[in-house]
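Given next are the chains, with one letter for each unit.
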2 protein chains.
Amino acid sequence: MAAALELYDERGFEQTTVADIAERAGVTERTFFRHFGDKREVLFDRDGGLQTAFVEALAAAPADADAWTALAPALDAGCDFLADRRDHARRRQRVIDATPGLQERELLKLAALTAALTAGLRGRGLSELAAGVAAEAVVGAFRVAFTRWIDPAEDRDLRTVGRAALAELRAVVS
Amino acid sequence: MAAALELYDERGFEQTTVADIAERAGVTERTFFRHFGDKREVLFDRDGGLQTAFVEALAAAPADADAWTALAPALDAGCDFLADRRDHARRRQRVIDATPGLQERELLKLAALTAALTAGLRGRGLSELAAGVAAEAVVGAFRVAFTRWIDPAEDRDLRTVGRAALAELRAVVS
DNA sequence: AGAGTGATGTCAGGTGCTGACATCGACACG
DNA sequence: CGTGTCGATGTCAGCACCTGACATCACTCT
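All of these numbers come straight from a predicted model, not from anything done at the bench. (Residues numbered from 1 in each chain as written. Chains lettered and ligands numbered in written order. Predicted model: local features only at pLDDT ≥ 70, side-chain atom pairs only at ≥ 80, totals over all residues. Heavy atoms only, no water.)

### Some words on the overall build of chain A
Scanning chain A from terminus to terminus reveals nine helices and zero strands. Ordered by position from N to C terminus, the α and β elements of chain A give α-α-α-α-α-α-α-α-α. Across its three principal axes, chain A shows a C-alpha extent of roughly 55 × 35 × 25 Å. Evaluated residue by residue, chain A yields a buried proportion of 50% over its 174 residues. Taking all contacts inside chain A whose residues are at least 6 apart in sequence as the whole, residues at least 24 apart take part in 62%. Surface summary for chain A: the accessible area is close to 8,000 Å², and the carbon and sulfur share equals 51%. (Helix = DSSP H or I, 4+ residues; strand = E, 2+ residues; numbered from the N terminus. Buried < 20%, exposed > 50% of the residue type's maximum accessible area, 1.4 Å probe, protein only. Contact = heavy atoms within 4.5 Å. Areas by Shrake-Rupley, 256 points an atom, 1.4 Å probe, with all protein chains shown as cover.)

### Description of the protein's contact with DNA strand C
Surveying the vicinity of DNA strand C reveals 15 residues, the closest of which are Arg30(A), Lys39(A), Thr31(B), Arg34(B) and His35(B). For DNA strand C, the fraction of atoms within 4 Å of the protein that belong to sugar or phosphate moieties is 48%. Those elements that provide at least two residues to the surface near DNA strand C are helix H3 (29–35) of chain A together with helix H3 (29–35) of chain B. Here the element with the most residues in the surface near DNA strand C is H3(B); it accounts for four residues. Tallied by class, the residues present in the surface near DNA strand C amount to three nonpolar, six polar and six charged. (Near = heavy atom within 4 Å. Nonpolar A, V, L, I, M, F, W, Y, C, P; charged D, E, K, R; others polar.)

### Notes on the pattern of salt bridges
Residue and element names in this part refer to chain A. Following the criterion strictly, the structure yields 40 salt bridges over all chains and no others. Notably, a salt bridge pairs Arg 105 with Glu 41, separated by 2.7 Å at the nearest N-O pair. With Arg 105 in helix H7 (residues 100–122) and Glu 41 in the loop between H3 and helix H4 (47–60), this pair connects stretches of sequence that are 64 residues apart. In terms of burial, Arg 105 and Glu 41 fall into one category: buried. (Salt bridge = Lys/Arg side-chain N within 4 Å of Asp/Glu carboxyl O.)

### Structural notes on the side chain of Glu41(A)
Residues and elements named next belong to chain A. For Glu 41, a relative accessible area of 16% corresponds to the buried category. At 2.7 Å, the side chain of Glu 41 and the side chain of Arg 105 are in polar contact. In contact with Glu 41, not counting residues within four places along its chain, are Phe 36, Arg 105 and Lys 109. (Polar contact = N/O pair within 3.5 Å; in protein donor to acceptor, adjacent residues only side chain to side chain.)

### Notes on the UniProt feature "DNA-binding region" (unreviewed entry) in chain A
According to UniProt, the feature "DNA-binding region" (unreviewed entry) maps to residues 17–36 of chain A in the numbering used here. As annotated, residues 17–36 of chain A has a helix share of 75% and a strand share of 0%, and its two end C-alpha atoms lie 14 Å apart. (UniProt positions renumbered as here; feature names shortened; annotations may be inferred.)

### Some details on the packing of aromatic side chains
In total, this model carries twelve aromatic pairs over all chains according to the counting rule given. An aromatic cluster of at least three residues, connected via ring pairs, comprises Phe54(A), Phe142(A), Phe146(A) and Trp149(A). (Phe/Tyr/Trp six-rings, centres within 6.5 Å; stacked < 30°, edge-to-face > 60°.)

### As for the UniProt feature "domain: HTH tetR-type" (unreviewed entry) in chain A
Here the UniProt-annotated "domain: HTH tetR-type" (unreviewed entry) positions come out as residues 1–54 of chain A. Strand forms 0% of residues 1–54 of chain A and helix 61%; the C-alpha atoms that close the span are 24 Å apart.

### Thoughts on the interface of chain B and chain A
One widely used convention gives an interface's size as the accessible area the parts lose upon coming together. Listed as interface residues are 34 residues of chain B and, on the opposing side, 34 residues of chain A. Between chain B and chain A, a total of about 3,000 Å² is buried, with carbon and sulfur atoms accounting for 71% of that surface. Summed over the three residues of chain B that lose the most area to chain A, namely Glu104(B), Leu129(B) and Val173(B), the buried surface amounts to 23% of that side. On inspection of chain B and its partner chain A, the count reaches six salt bridges. Two residues, Glu136(A) and Arg143(B), come together in a salt bridge whose shortest N-O distance is 2.8 Å. (Buried area = accessible area lost by both parts, 1.4 Å probe.)

### Comments concerning the relation of the copies chain B and chain A
Between chain B and chain A, the superposition needs a rotation of 180° and an axial shift of 0.0 Å, giving an RMSD of 0.0 Å. The operation mapping one copy onto its partner corresponds to a two-fold rotation axis. Both copies contact each other with a shared surface, as 100% of the interface residues of chain B are interface residues in chain A too. (Least-squares fit on C-alpha atoms with pLDDT ≥ 70 in both.)

### Quick word on the protein's contact with DNA strand D
Around DNA strand D, a shell composed of 15 residues is seen, among which Thr31(A), Arg34(A), His35(A), Arg30(B) and Lys39(B) lie nearest. Protein-adjacent atoms of DNA strand D, using a 4 Å cutoff, are sugar or phosphate at a proportion of 48%. Val18(B) places a main-chain nitrogen or oxygen 3.2 Å from a phosphate oxygen of DNA strand D. Lys39(B) has a polar backbone atom sitting 2.8 Å from a phosphate oxygen of DNA strand D. When its residues are assigned to classes, the surface near DNA strand D shows three nonpolar, six polar and six charged.

In structure tokens, the structure reads:
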């Protein structure tokens, strides 16, 4: 994973072959594909952790809390999961933003997160429609907050920006 | 495009080679790649129209309307764009849902839509954060509404479901 | 009639990815 | 201590995706 990120960053995703990554990592091309499904997945291996952070925090919210108050701490938990890896996140995101193929994969991971949150909200009694839009909105807020947090001009921490995004959403919807 | 959809539907995306599609369409594999960037793109060629419908409706809203009241007719326009192609949408979506690679591409198109709406909202004076979360929320609502509309058990038209999704969002956020 | 233009065909080649089989070291068991 | 199992890795062959370069052909403008 480190070798791949380095190479993608140095010379670009397209200009890097799997053989290059394997060589730098000291293994064979074939064993690369045994660890990662494809050339893109090597950058997204840890995304499961983000999703579990979200989902567990949602599940931990009091059962009688309404959806919105249950989602806020879930967003907090997701933000905290990344809080102390900002430099790495920047580096990684620079590579992703430069490559449509990697953006696709990132969106798929976020869609999985949305689906997981939708399921969690359904378990709290929300309708399919309500759970779906709520999950989409929260993940969208996370995405926007993350993008701002990555910006070098931004000095607030991710959790703060995430809260601000939720507040903006609430303001714009009403 | 017709040949590709047929084949993807008949035997699956992975089990279909570009040579198969080209043969059924009566052209060469090389010609296929001159018309479509890759094997997936052939299913998403018309997505620009959806985005245009959204964006133009947003631009057409009165300049002094607040974001939410400007976004509602944009969502309507997007829904209307698909309204009379429900059978085709079902068929196409069945293929997409069965193939992660196609879901990725679909999400990328929706992300482009989100970006375009964000730009439109910024032009109306919203902050980056506010425009971003609003666009994400509306596109999310569209996605959820579309999914419900595709469901055979659903008998409302897309526009109605879209409106309902917005109402649910408003309800859950407040 | 001839030149230009755009779409298509043909060919060669690189890269991503997979299946099948071989190798090797760690460990358990008798 | 010898042996068998098992998981990780290496090796190799091969298909499918995608691209660049050049040729061909129909069509159009002059």
